[in-house]
There are 2 protein chains.
Amino acid sequence: MLQFDTLTLDSHSPIYLQILRFIKQEIASGTICYGDELPSRRVLSALLGVNPNTVQKAFHLLEEEGIIESRAGAKSVIAADEAAANRLRAELREVEARSAIQLLRESGLTKKEALALIEQFWDQPPERSDG
Amino acid sequence: MLQFDTLTLDSHSPIYLQILRFIKQEIASGTICYGDELPSRRVLSALLGVNPNTVQKAFHLLEEEGIIESRAGAKSVIAADEAAANRLRAELREVEARSAIQLLRESGLTKKEALALIEQFWDQPPERSDG
DNA sequence: AAAACTGTATTACTGATATAATACAGTTAG
DNA sequence: CTAACTGTATTATATCAGTAATACAGTTTT
């Protein structure tokens, strides 16, 4: 079953979006696939220490995207087949790339400069100034 | 004086942050420098079509960072000298690069993949799906 | 001094987020 | 069948970010 040990919540974005993205990534990477059961809303919310409604919000959005399938009473299952997972993987990468590009563009960087900066800082831990 | 014609507001991030970053960038690029006057909160807010307090929020943060100097009654002026502007330029680039890197890391991309995606999508306009 | 500007402070409204407490209905396991 | 689980829906509350409206106080200008 889906392991949620690797999902660590931060405060940078809404919890329901973090859950949403995590599950998308797990599907994209093949950790879970078509037909697999998801933990129930109540169980997952207990695991993560959040409110059941927060999990429900994420699941509801996944349902709307056709990524999972839910029937009242039964556990939700993955509805995305292998082809859908591949599309999801491409989509996720493109979305992330575009977000990053938008950020870099906004600061007036050229493509060349942006690539060089990413090269430079990718492996470098952020400096602590502490002041 | 500082031209705000080149500042176009979008809805992707808070207005006050867009204003804040714009002014930082103008200082970093040398468009405005030490001693230059900024337009008043009210004038700028009218120019941008936003609330004066939204501008105030940006200016207040700039003041806290020591980038501008404000006295009640008089217009705010740039407090950052040339050295500070240079530091600002480097800082802006690093901050943007790190934000972008964080985004890309979160989706499990390697540096190589990230660079390739940015190469690929930099010049491509986003697709419209429209449904 | 007075008018017209300036920065500053306070308060309020809105929407998004997160949580909570229930309630209801369908499925599954015993 | 029944108990214990499921998903779903509703309503309420609290908080925060962002924006807005307004009042107040200091300066510059005339």
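Read on for a plain summary of the structure. Keep in mind it's a predicted model, so treat the numbers as computed, not measured.

This brings us to the overall build of chain A. Within chain A, the secondary structure is distributed over 5 helices and 2 strands. In terms of overall size, chain A is more extended than a compact globule, its C-alpha atoms giving a radius of gyration of 18 Å where 131 residues would be expected to give roughly 14 Å. Its C-alpha atoms give chain A principal-axis dimensions of about 55 × 40 × 20 Å. In chain A, buried positions account for 36% of the 131 residues. Look at the contacts in chain A between residues 6 or more apart in sequence, and 58% of them connect residues 24 or more apart. Across chain A, 15 positive and 20 negative side-chain charges occur, with their mean positions spaced 3 Å apart.

With an RMSD of 0.5 Å, the operation that places chain B on chain A is a rotation of 180 degrees combined with a shift of 0.4 Å along the axis. The two molecules are tied by a two-fold rotation axis, judged by turn and shift. The C-alpha atom lying nearest the rotation axis in chain B is that of B:Ala100; the distance is 2.4 Å. Most of the interface of chain B is mirrored in chain A: 97% of its interface residues are interface residues there too.

To continue, consider the protein's contact with DNA strand C. Near DNA strand C lie 26 residues; those nearest to it are A:Pro14, A:Ile15, A:Asn53, B:Arg41 and B:Arg42. For DNA strand C, the fraction of atoms within 4 Å of the protein that belong to sugar or phosphate moieties is 67%. A distance of 2.5 Å separates a phosphate oxygen of DNA strand C from a polar atom in the backbone of A:Ile15. Here a base nitrogen of DNA strand C and a backbone polar atom of A:Gly73 are 3.4 Å apart. Where the surface near DNA strand C is concerned, the elements lending two or more residues are helix 1 (15-28) and helix 3 (52-64) of chain A together with helix 2 (41-48) and helix 3 (52-64) of chain B. Among the residues making up the surface near DNA strand C, the classes are represented as 9 nonpolar, 10 polar and 7 charged.

For the rest of this paragraph, the subject is the protein's contact with DNA strand D. In the region of DNA strand D, 26 residues are neighbours, and A:Arg41, B:Pro14, B:Tyr16, B:Asn51 and B:Asn53 sit closest. Sugar and phosphate atoms constitute 63% of the interface atoms of DNA strand D, taking the interface as everything within 4 Å of the protein. Note that a phosphate oxygen of DNA strand D is positioned 2.7 Å from one of the side-chain N or O atoms of B:Tyr16. Here a phosphate oxygen of DNA strand D sits 2.9 Å away from a polar atom, N or O, in the main chain of B:Asn51. For the surface near DNA strand D, the secondary-structure elements that each account for two or more residues are helix 2 (41-48) and helix 3 of chain A together with helix 1 (15-28) and helix 3 of chain B.

All names here are of chain A. Running from amino to carboxyl end, helix 1 crosses helix 4 (residues 82-106) at an angle of 125 degrees, the nearest separation of the two axes being 8 Å. When the axis of helix 1 is compared with that of helix 4, the two are oblique. As for the relative orientation of helix 1 and helix 4, their crossing is left-handed in sense. For the pair formed by helix 1 and helix 4, the contact residues are Arg21, Lys24, Gln25, Ile27 and Ala28 on the first element and Ala85, Leu88, Arg89, Glu91, Leu92 and Glu96 on the second.

With that settled, the discussion passes to the packing of aromatic side chains. All names here are of chain A. On inspection of all chains with the given rule, the structure shows 2 aromatic pairs over all chains. With 5.2 Å between their ring centres and 35 degrees between their planes, Phe4 and Phe22 make a pair best called tilted. Highlighted residues: Phe4 in the segment before helix 1 and Phe22 in helix 1, separated in sequence by 18 residues. Take Phe4 and Phe22: they sit in the same class, and that class is buried. Note that Lys57 overlies the ring of Tyr16, its terminal NZ or CZ placed 4.5 Å from the centroid.

What counts as what
- Residues numbered from 1 in each chain as written.
- Chains lettered and ligands numbered in written order.
- Predicted model: local features only at pLDDT ≥ 70, side-chain atom pairs only at ≥ 80, totals over all residues.
- Heavy atoms only, no water.
- Helix = DSSP H or I, 4+ residues; strand = E, 2+ residues; numbered from the N terminus.
- Rg over C-alpha atoms; globule rule 2.2 N^0.38 Å.
- Buried < 20%, exposed > 50% of the residue type's maximum accessible area, 1.4 Å probe, protein only.
- Contact = heavy atoms within 4.5 Å.
- Lys, Arg positive; Asp, Glu negative; His and termini not counted.
- Charge placed at Lys NZ, Arg CZ, Asp CG, Glu CD.
- Least-squares fit on C-alpha atoms with pLDDT ≥ 70 in both.
- Near = heavy atom within 4 Å.
- Polar contact = N/O pair within 3.5 Å; in protein donor to acceptor, adjacent residues only side chain to side chain.
- Nonpolar A, V, L, I, M, F, W, Y, C, P; charged D, E, K, R; others polar.
- Axes fitted to C-alpha atoms, helices over the stretch in contact; angles between N-to-C directions.
- Parallel < 35°, antiparallel > 145°, perpendicular 65-115°, else oblique.
- Left-handed = near helix turned anticlockwise from the far one by under 90°.
- Phe/Tyr/Trp six-rings, centres within 6.5 Å; stacked < 30°, edge-to-face > 60°.
- Lys NZ or Arg CZ within 6 Å of the ring centre and 35° of its normal.

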